[in-house]
Amino acid sequence: MPPLPQSRHLATEIPGPGSARLAQRRAAAVARGVASTMPVYAARAAGGIVEDVDGNRLIDLGSGIAVTTVGNAAPRVVDGVREQVGQFTHTCFMVTPYEGYVAVAEALNRLTPGRYEKRSVLLNSGAEALENAVKIARAYTRKSAVVAFDHGYHGRTNLTLALTAKSMPYKSGFGPFTPDVYRAPTSYPYRDGLIDKELGSDGERAAERTIGVLENQIGAENLAALVIEPIQGEGGFIVPAPGFLPALLAWCRDNDVVFIADEVQTGFARTGAMFACEHEPIEPDLICTAKGIGGGLPLSAVTGRAEIMDAPQVSGLGGTFGGNPVACAAALGAFATVQAEDLVGRARQIERLVFERLGRLQADDHRIGDVRGRGAMIAVELVRPDGAEPDPALTKALAAACHRAGVIVLTCGTFGNVLRLLPPLTISDELLSEGLDVLAGELAKL
């Protein structure tokens, strides 16, 4: 098959007839509760382009929700998967272990922040990683309470739904949820600053507000773990004010609380560092990873301090498919790609390009309340022009217009008013600029 052209091309209206036929089959076969952002059906993808079954080529500013960070069908990933599939596809690491699992664990122990001895366990999804991180923290501390944060998102399993803040569409109708899970205020500089400019810019002051909740409503003596995204994903790509995360980590250290960093969306070069924790920097006790680490295949991990990771009893951790050998081969290919192509540096280049373009757009359009993020994880918060009231209707309309024009963008945010950009790090400057031009043009029409 010839290489996929790296150019936007609309062969039909979006969706085309092939996608429309598949949509009819889907309606009769797939559960209604599974939603899709785009009305098109993918046929192949590479670099910064996704091609649908009708031959439309779409600029990819979503990366499958930050999964194809190294690009779709990255050569080192494909080569590793092909070789592994030819050798064996599954034995279960808990039955007959294999080197690939060990090699991925070694790499994660080396790459994650922390100047201490580490261990890792491999799993399948981000939610599964969070579930296991909480289990590990409870086993280590012999305490049960867990705190998560306003606007946070951690998954769709029962425990991770308890950790997740947003009700619709994630939690509504699915309770009761796991008990002994509590919520505390986070640092949201844009919205905090509308109330108190100092609170919006001073992370230590925002942390004092949070710590007051932890001490007065939960009690450190009951708290096993604090679970936080260093940059909130589904909540709106919220980057906390400087000093917020270090202050929380210091409090956890002083009170024997395990600090769990959810780097499922932020990890693996996405933010212009291997892990978002490195920007302050902080060294969490446990780090949960998934999405980008598997090069497009399902893989997740919990990595952390050896004494904490080794707290659960033998056979207390694991799972039939955790660390599948094919997924491990893909991960090793993805790790090699990040290093060989300096994708951490590329994420920083993308940040500069996107901020420069969106900054000009914000200066000319008062409906853009905030532009924020790091690396190739940038968001635009849309508000009504006469203030800062969230405008989810505009956000939905803008995303749909971009989709019709052949650009994949995603929305997020507690209020549904944030447009998020997660391009693969292998996208060209030309494609990225064209995608941003389309976004700007469609916004001007609304």
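Here is what the cut-offs are and how they apply
Residues numbered from 1 in each chain as written. Predicted model: local features only at pLDDT ≥ 70, side-chain atom pairs only at ≥ 80, totals over all residues. Heavy atoms only, no water. Helix = DSSP H or I, 4+ residues; strand = E, 2+ residues; numbered from the N terminus. Rg over C-alpha atoms; globule rule 2.2 N^0.38 Å. Buried < 20%, exposed > 50% of the residue type's maximum accessible area, 1.4 Å probe, protein only. Contact = heavy atoms within 4.5 Å. Expected span 1.5 Å × (residues − 1). Arc of directions from axis to C-beta. Salt bridge = Lys/Arg side-chain N within 4 Å of Asp/Glu carboxyl O. Core = buried A, V, L, I, M, F, W, Y, C linked by side-chain atoms within 4.5 Å. Domains from an automatic or database assignment. Polar contact = N/O pair within 3.5 Å; in protein donor to acceptor, adjacent residues only side chain to side chain. Phe/Tyr/Trp six-rings, centres within 6.5 Å; stacked < 30°, edge-to-face > 60°. Pairing = 2+ DSSP bridges. Axes fitted to C-alpha atoms, helices over the stretch in contact; angles between N-to-C directions.

**Here's the deal with the overall build of the protein**
Alright, step 1. When you go through the protein residue by residue, the secondary structure sums to 15 helices and 15 strands.
Alright, step 2. Its C-alpha atoms give the protein a radius of gyration of 21 Å, within 12% of the compact-globule value 22 Å for 446 residues.
Alright, step 3. Referenced to the eigenvectors of the C-alpha coordinate spread, the extents of the protein come out at roughly 60 × 60 × 45 Å.
Alright, step 4. A buried classification covers 55% of the 446 residues belonging to the protein.
Alright, step 5. The contacts in the protein between residues at least 6 apart in sequence include a share of 73% that link residues at least 24 apart.

**Structural notes on helix H4 (residues 99-111)**
Owing to its 3.6 residues per turn, the α-helix aligns residues three or four sequence positions apart on the same side.
Alright, step 1. Taking 1.5 Å per residue as the helical rise, H4 with its 13 residues ought to reach 18 Å, and the 18 Å between its terminal C-alpha atoms agrees with that figure.
Alright, step 2. Burial in H4 covers these residues: Tyr101, Val104, Ala105, Ala107 and Leu108. Along H4, the residues classed as buried sweep out an arc of 160° about the axis, all on the same side. Residues of H4 that are exposed and point over 90 degrees away from its buried face: Glu99 and Arg110.

**Focus: the pattern of salt bridges**
Alright, step 1. Scanning the model with the defined rule gives 22 salt bridges in all.
Alright, step 2. Linking Arg119 and Asp310 is a salt bridge whose minimum nitrogen-to-oxygen distance equals 3.6 Å. Of this pair, Arg119 sits in strand S4 (residues 118-123) while Asp310 sits in the loop between helix H11 (306-309) and helix H12 (325-340), and the two are 191 residues apart along the sequence.
Alright, step 3. In this structure Arg119 comes out as partly exposed when scored by relative accessible area, which is 32%.
Alright, step 4. A salt bridge links Arg346 to Asp429; the shortest N-O distance between them is 2.8 Å.

**Re the nonpolar core**
Alright, step 1. Among the nonpolar cores identified, the biggest contains 85 residues, and Ile260, Leu286, Val302 and Leu358 are the most heavily contacted of them.
Alright, step 2. Looking at this core, the element that brings in the most residues is H12, giving 8 residues.
Alright, step 3. Split by domain, the residues of this core number at least three in each of domain 1 (17-73 + 342-445) and domain 2 (77-341).
Alright, step 4. Look past the residues within four positions of Leu358 in its chain and what remains in contact with it is Val371, Ile378, Val380, Leu421 and Leu436.
Alright, step 5. In terms of nonpolar packing, the next biggest core, distinct from the first, is built from 27 residues, Leu226, Leu249, Val257 and Ile287 among them.

**Focus: the side chain of Asn417**
Alright, step 1. On the secondary structure map, Asn417 appears in the loop between strand S14 (410-412) and strand S15 (418-421).
Alright, step 2. Polar contacts involving the side chain of Asn417 include one to the side chain of Glu381, which spans 3.2 Å.
Alright, step 3. Contacts of Asn417, omitting those with residues within four sequence positions, involve Arg191, Val380, Glu381, Leu382, Val383, Pro390, Asp391, Pro392, Thr395 and Cys412.

**Looking at the packing of aromatic side chains**
Alright, step 1. Tallied over the full model, the rule gives 6 aromatic pairs.
Alright, step 2. Ring centres 5.7 Å apart and planes at 65° place the aromatic pair Phe88 and Tyr98 in the edge-to-face group. Taken together, the positions of Phe88 in the loop between helix H3 (75-87) and H4 and Tyr98 in the loop between H3 and H4 put the pair 10 residues apart, joining distant regions of the chain.
Alright, step 3. Since its relative accessible area comes to 30%, Phe88 is described here as partly exposed.
Alright, step 4. By relative accessible area, which is 8% here, Tyr98 ends up buried.
Alright, step 5. Where Tyr153 meets Tyr170, the ring centres are 5.0 Å apart and the plane angle is 55°; that geometry is what we call tilted. Taken together, the residues Tyr153 in the loop between strand S5 (145-149) and helix H6 (158-163) and Tyr170 in the loop between H6 and strand S6 (181-184) connect sequence positions 17 residues apart.

**Remarks on the pairing of strand S2 (residues 49-52)**
Side-chain direction in a regular strand flips from residue to residue, so the side chains alternate between the two faces of the sheet.
Alright, step 1. What you see with S2 is no split at all: Ile49 and Glu51 on one side and Val50 and Asp52 on the other are buried throughout.
Alright, step 2. Counting the residues that bridge the hairpin from strand S1 (residues 42-46) to S2 gives 2 residues, and of these Gly47 lies at a positive phi of roughly 55°.
Alright, step 3. Direction of pairing for S2 relative to strand S3 (residues 57-60): antiparallel, over a ladder of 3 bridges. The residue of S3 that forms the bridge with Glu51 is Arg57.
Alright, step 4. Taking the residues that link successive antiparallel strands as the turn, the S2-S3 hairpin has 4 residues, and the phi of Gly55 there is positive, at about 85°.

**Observations concerning the sheet that holds S15**
Alright, step 1. The strand order across the open sheet built from 4 strands is S11-S12-S15-S14, with neighbouring strands paired in antiparallel fashion. In this open sheet, the two strands that pair with only one neighbour each are strand S11 (368-374) and S14. Direction aside, the axes of adjacent strands within the sheet are offset by 25° on average.
Alright, step 2. In the sheet, strand S12 (residues 377-382) pairs with S15 via 4 bridges, with the strands oriented antiparallel. Along S15, the bridge assignment pairs Glu381 with Val418.
Alright, step 3. Contacting S12, S14 and S15, helix H14 (residues 392-404) runs over the sheet at an angle of about 35° to S15.

**A few points about helix H10 (residues 244-254)**
Alright, step 1. Those residues of H10 that fall on the buried side of the exposure criterion are Phe244, Leu245, Leu248, Leu249, Trp251 and Cys252. Taken down its axis, H10 places every buried residue within 160° of arc, on the same side.
Alright, step 2. Residues of H10 that are buried make contact with S5, helix H9 (203-218), strand S7 (223-228) and strand S8 (258-262).
Alright, step 3. Backbone geometry just downstream of H10 places Asp256 in the positive-phi region, at approximately 55°.

**Quick look at the sheet that holds strand S13 (residues 407-408)**
Alright, step 1. Strand order in the open sheet made by the 4 strands is S1-S2-S3-S13, with mixed pairing throughout. A single partner strand is all that each edge strand has here, and the edge strands are S1 and S13.
Alright, step 2. Pairing geometry for S3 and S13, over 2 bridges, is parallel. Looking at S13, one finds that Ile59 is bridged to Val407.
Alright, step 3. Against the sheet, helix H15 (residues 429-445) engages S2, S3 and S13, with an angle of about 95° to S3.

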